[in-house]
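# Inside the fold
Letter by letter, the chains look like this.
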Amino acid sequence: MKLAQFIQTTMEQRLKDWEQVLLEIAPRLENENSRELRDHARELLNFIAEDLSTSHTKEKSTGKALGEGRIPAPGVGGKHGSDRLHQGLSMLQLVQELQALRNRITWTWSNNQSGIDTQDIDQLLRFNEAVDQLIIGSVSSFSLLREQETRLIRTMLEGSVDPAAIFDSEGHFLFCNTAMADLINTSPRGVIGKTPHELGLDFFKELHEEIAKVISKGQSQRAELHHGLPSGIERYFDCYFAPVFDDRNEVEAIVKTAHDITERKQIELQSWRSANFDDLTALPNRRLFLDRLEQTLLEAQRKDSAFALLFIDLDRFKEANDQLGHEVGDRLLAQVAERLKSSVRAMDTVARLGGDEFTLILKDTSRENAKQTAKALLTSLEVPFSVNSHRVHISGSIGLAVFPGDGEEIGQLMHKADQAMYAGKDQGGHQVQLYEPWMTKVESEHMRLHRELDHALRENQLEVYYQPIVDTQTGAVVRAEALLRWHHPAKGLLTPDAFLSVTEQNGMMDSITNYVLAQAAACSSRWRRTNASPFPININESPASFATRSLVDNWRDRRAEVDMEESRITMELTPASFNNIQASSHNPGHDTAFPGPRLKLAIDNFGIELFSLLALQETDLECVKIDRDLVKNAGQGGKTDRVLKGLIAMAHAINVQVVGVGVEKEEQLQFLARAGCDYAQGFLFSQPIHQNAFEALLEQSRQSHPG
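Residues numbered from 1 in each chain as written. Predicted model: local features only at pLDDT ≥ 70, side-chain atom pairs only at ≥ 80, totals over all residues. Heavy atoms only, no water.

## A short note on the overall build of the protein
Put simply, the test is: What counts as a helix is a DSSP run of H or I of at least four residues, what counts as a strand is a run of E of at least two, and both are numbered from the N terminus. Contact definition: two residues touch when any of their heavy atoms are within 4.5 Å. Only the protein chains shown count as cover for residues, and all accessible areas are computed by the Shrake-Rupley method using a 1.4 Å probe.
Broken down by element type, the protein carries 26 helices and 22 strands. Pairs at least 24 residues apart make up 64% of the contacts formed inside the protein by residues separated by at least 6 positions. Of the roughly 34,900 Å² of accessible surface on the protein, a fraction of 49% belongs to carbon and sulfur atoms.

Here is the structure:
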């Protein structure tokens, strides 16, 4: 049987043989579609059979042997080469496949022949020529496409703005694009054959570790690498390492691409720092402090060691802050932080919980050593601070608890250190107080009042009273001041003087101010006349609120919760608060951070401190309230009358209204009216009263003064 006929009549068996041979050479094709593999092979065998059936001259046969046959790369052989390239086979596997096919068909056909004559030998020669033509076409197509891919990949890598490189299995550079070369301050050709270590790259260890992972696992890897450039700039890269396999399916090279993520890392770092560090002092904040305290506790449990927890509250800081302004106060806190950090070891933690409260964690220390360290800290705080040309004297109250003697849980240690600190403050401050069991039984007045006030907030024991402010010309009630009262279950009705200091030291002032604002805003809206604007109500803001920039954020949140369009609220400032605003870079009266209607501001206790007229005008005040000590002597014809007339005229000159406070006598009211004072407030009209009583008083006033 002629060879061409043999191939045609035994086609299905030959296709099975072909598939078997192919899967032995390239096991990775085992999951390929069997029918597609056989259809592909059928085209090749049909070509061979057709070629064998065509007569050839001697010259044509010679030309085919020289690669001049009728099968160019785009033909059957070319398609075979491109298909095998796309299937991931190597050129060697492609040639092995066709050679194995040649051997299998030749051997099978020869065994079926009873003998071989001259014509059979000619068939074998022509069969080999056809297979050679397939090999030439396949290899040519394979090579052309591989070269094209290589050019495209090289061009892509070379033109990429992201650093890219190719390494051999030992970490030597095989390729480096311009972006990578610029990054390491060299030329693309200058790195070939060298390792990152030989080039002095600071991340060579991490680079070699990732290359080793790719080789050992045979899988792509991803890692973030940090690189210090020769210029000193720090850069972060998200790197991708991909393996390149040889014909034996072993990693022969590693392609590394990198994307600069420095900006993202900086944002992440800044976000982490903002979440874990205090902006003012750069010390760990409460969140990071609690994390380090937990880690210290776990470490001490493992090592069976002790550590100390210190709570520090600054003595006389509030007075310095109120007198010198919040800018001096902030700088003072920053200097305190530096002094505390310089007084302890690097292994210890100094943190700021808020306000003028600091905490320290002293690792691996005894009770006595912790006490000595605390005394040294106290001594360092006694040294005067120099802030903005001011010489500031403060001190501190330090409470100390030790693990494990004073507690084996974080909550216990913090509570006992806090108790020890307040015990020291109750004894006059300026001392180190170690926790003692009696402190748990004898709770300090300060702590007790704080606990009761916290309970009062939850149980609605706080209430807003209102004192009327009248028009001096008509006597009509035209506005009011909101004043907080505490219905204490044991002590009766308390004014803010009895508990205000507790709220400022324990962070409760915001909650209380929010409560007063909500109550006043509701009444302002409810007490309006029909189709008239809301009824004006003044509320008081603590000077402590003006210690930091956070006032703007606090008021933005409050205004979001209270409909300021439907109420008319004026915030009264103390002279200390006004001075703090002037020392700062923001003005809550017309700060652009406030959307919608602007805050209305007033100054209380006006006339007892000097104010710049320009400062008063720039603050955009609505009114000033003349201090009661001046009003007390009004109308007696003395110097006080001249001072009052001057203050009223000065305020009116910058378009600011005036309220006389503490009016208790008719002659005081008459003088203020003659002097042009706009409003009056005092016991002559009413003491602060419950909102229901005030509402009745307001209605009575409106009936008496319908205009």
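More follows now that the structure is in view.
## What about the side chain of Q681?
Short version of the rule: Residue exposure (1.4 Å probe, protein chains only): buried if accessible area is under 20% of the type maximum, exposed if over 50%, otherwise partly exposed. Any pair of nitrogen or oxygen atoms within 3.5 Å is treated as a polar contact; in protein, a donor-acceptor pairing is required on top of that, and neighbouring residues in sequence qualify only through side-chain atoms on both sides.
Among the structural elements, Q681 can be located in strand β21 (residues 679-681). Q681 sits in the buried class, given a relative accessible area of 2%. Side-chain polar atoms of Q681 contact the side chain of K625, separated by 2.8 Å. Once residues lying within four places of it in the same chain are set aside, the contact partners of Q681 are Q467, P468, I469, E481, K625, V659, G660, V661, G662 and V663.

## Considering a negative patch on the surface
Stated precisely, the cut-off is as follows: Residues enter patches when their relative accessible area tops 30% and they take part in no salt bridge; the joining distance is 9 Å for like charges and 5 Å for the nonpolar side chains Val, Leu, Ile, Met, Phe, Trp and Tyr. Any Lys or Arg side-chain nitrogen found within 4 Å of a carboxyl oxygen on Asp or Glu counts as a salt bridge. Note on charges: Lys and Arg go in the positive column, Asp and Glu in the negative column, and His and the chain ends are not counted at all. Charged groups are reduced to one reference atom each: NZ for lysine, CZ for arginine, CG for aspartic acid, CD for glutamic acid.
Where like charges cluster on the molecular surface, the negative patch consists of E32, E36, D39 and E43. Along the polypeptide, E32 turns up in the loop between α2 (11-25) and α3 (34-53).

## Overview of helix α6 (residues 91-112)
The condition that has to hold: Given the number of residues in a helix, its expected span is that number minus one, multiplied by 1.5 Å.
The end-to-end C-alpha distance of α6, which contains 22 residues, comes to 32 Å, matching closely the 32 Å that a straight helix rising 1.5 Å per residue would cover. Of the positions making up α6, those classed as buried are Q93, L94, V95, E97, L98, L101, R102, I105, T108 and W109.

## Points about the environment of V663
Positionally, V663 belongs in the loop between β20 (657-661) and α25 (666-674). V663 has contacts with V631, Q668, L669, L672, A680, Q681, G682, F683, L684 and F685, leaving out every residue within four places of it along the chain.

## Some words on the nonpolar core
What counts, and what does not: The nonpolar core is taken to be a set of buried Ala, Val, Leu, Ile, Met, Phe, Trp, Tyr and Cys residues, with the residues joined through side-chain atoms within 4.5 Å.
Grouped together as the largest cluster of nonpolar side chains are 52 residues, with contacts concentrated most on Y466, I537 and F694. Residues L29, L89, I105 and V131 belong to the second largest nonpolar core, which totals 33 residues.

## Re the environment of W486
Summarising the element assignment, W486 is placed in strand β14 (residues 477-488). Given a relative accessible area of 0%, W486 falls into the buried group. In this structure, the C-alpha to C-alpha distance between W486 and A498, residues 12 residues apart in sequence, is 9.4 Å. Aside from chain neighbours lying at most four places away, what touches W486 is L449, E452, L453, A456, Q461, L462, G492, L493, L494 and F499.

## Points about the pattern of salt bridges
All told, the structure shown has 24 salt bridges when counted by the stated rule. E268 is the partner of R264 in a salt bridge, and the nearest nitrogen-oxygen pair spans 3.2 Å. Residue R264 and its partner E268 are both found in helix α10 (residues 262-276); the two are separated by four residues, about one turn of the helix. On the basis of relative accessible area, E268 is assigned to the partly exposed category, the value being 39%. By sharing partners, the salt bridges in this structure join E224, R264, K265 and E268 into a single network.

## Re the side chain of Q221
Relative to the helices and strands, Q221 is located in strand β3 (residues 221-228). When near neighbours in sequence (up to four residues on either side) are disregarded, Q221 contacts E210, K213, V214, C239, Y240 and F241.

## Concerning the pairing of β3
Quick reminder of the rule: Two strands form a pair only when DSSP identifies at least two bridges running between them.
Judged by which residues are buried, β3 turns out to be one-sided: Q221, A223, L225 and H227 face inward and are buried, whereas R222, E224, H226 and G228, on the alternate face, are not. With eight bridges connecting them, β3 and strand β4 (residues 234-245) associate as antiparallel partners. Counterpart to A223 in the pairing with β4 is C239.

## Let's talk about the packing of α2 against α3
So the rule is basically this: Axis lines are fitted through C-alpha atoms, for helices just across the contact stretch, and the angle between N-to-C directions can take any value from 0 to 180 degrees. By definition, turning the near helix anticlockwise from the far helix through less than a right angle yields a left-handed crossing, and turning it clockwise yields a right-handed one. Classes in brief: Ala, Val, Leu, Ile, Met, Phe, Trp, Tyr, Cys and Pro nonpolar; Asp, Glu, Lys and Arg charged; the others, Gly included, polar.
Across the interface, α2 lies against α3 with an axial gap of 9 Å and an inter-helix angle of 115°. The chirality of how α2 crosses α3 is right-handed. Residues M11, E12, R14, L15, K16, W18, E19 and L22 of α2 form the contact with α3, whose own contacting residues are S34, L37, R38, A41, R42, L44, L45 and N46. Along the lines of polarity and charge, the residues of the contact of α2 with α3 split into eight nonpolar, two polar and six charged.

## What to know about the packing of aromatic side chains
As a reminder of what qualifies: Geometry of aromatic contacts follows a simple scheme: Phe, Tyr and Trp rings, the Trp one being its six-membered ring, pair when their centres are within 6.5 Å, and the pair is stacked under 30 degrees between planes, edge-to-face over 60, tilted otherwise. Sitting over a ring, as applied to charges here, requires NZ of Lys or CZ of Arg to be within 6 Å of the ring centre and within 35 degrees of the ring normal.
A full pass over the atoms with the stated rule returns eight aromatic pairs. With centroids separated by 5.2 Å and ring planes inclined at 20°, the aromatic side chains of F307 and F403 adopt a geometry described as stacked. Separated by 96 residues along the polypeptide, F307 in strand β6 (residues 307-315) and F403 in strand β11 (residues 395-403) bring together distant segments of the chain. Overall, the relative accessible area of 1% leaves F307 in the buried class. F403 sits in the buried class, given a relative accessible area of 5%. With a centroid separation of 6.1 Å and an interplanar angle of 75°, the aromatic rings of W527 and F535 are classed as edge-to-face. Each of the two residues, W527 as well as F535, counts as buried. By the ring-pair criterion, three or more aromatic residues cluster together here, those being Y466, W527, F535 and F694. R479 extends its terminal NZ or CZ atom over the ring of Y679, reaching a point 5.8 Å from the ring centre.

## Focus: the sheet that holds strand β1 (residues 164-168)
Pairing is antiparallel across the open sheet formed by five strands, whose spatial order is β2-β1-β5-β4-β3. With partners counted over all chains shown, the strands left at the sheet margins are β2 (173-176) and β3, one partner each. Ignoring which end each strand starts from, the neighbouring axes of this sheet average 25° apart. Across five bridges, the pairing between β1 and strand β5 (residues 251-260) is antiparallel. Bridge pairing in β5 links I166 to V255. Those strands touched by helix α9 (residues 204-217) are β1, β3, β4 and β5, and its axis lies near 165° from that of β3. The sheet strands contacting α10 are β3, β4 and β5, and the helix crosses β4 at an angle near 125°.

## Comments concerning the sheet that holds β11
Judged by pairing direction, the sheet is mixed, and its five strands sit side by side in the order β7-β8-β6-β11-β12 without closing on themselves. Of all strands in the sheet, those bounded by a partner on one side alone are β7 (349-354) and β12 (431-434). Strand-to-strand twist across the sheet, computed as the mean angle between neighbouring axes with direction ignored, equals 20°. Here β6 pairs with strand β8 (residues 357-362) via six bridges, running antiparallel. What sits directly across from L310, in β8, is L360. Each of β6, β7, β8 and β11 touches helix α11 (residues 286-303); the most contacted strand, β6, lies at about 150° to it.

## Overview of the pairing of β2
Relative to β2, β1 is paired through three bridges, and the arrangement is antiparallel. Bridging from a neighbouring strand, F167 pairs with F173 of β2. Between the end of β1 and the start of β2, which pair antiparallel, lie four residues, with G171 showing a positive phi angle near 90°.

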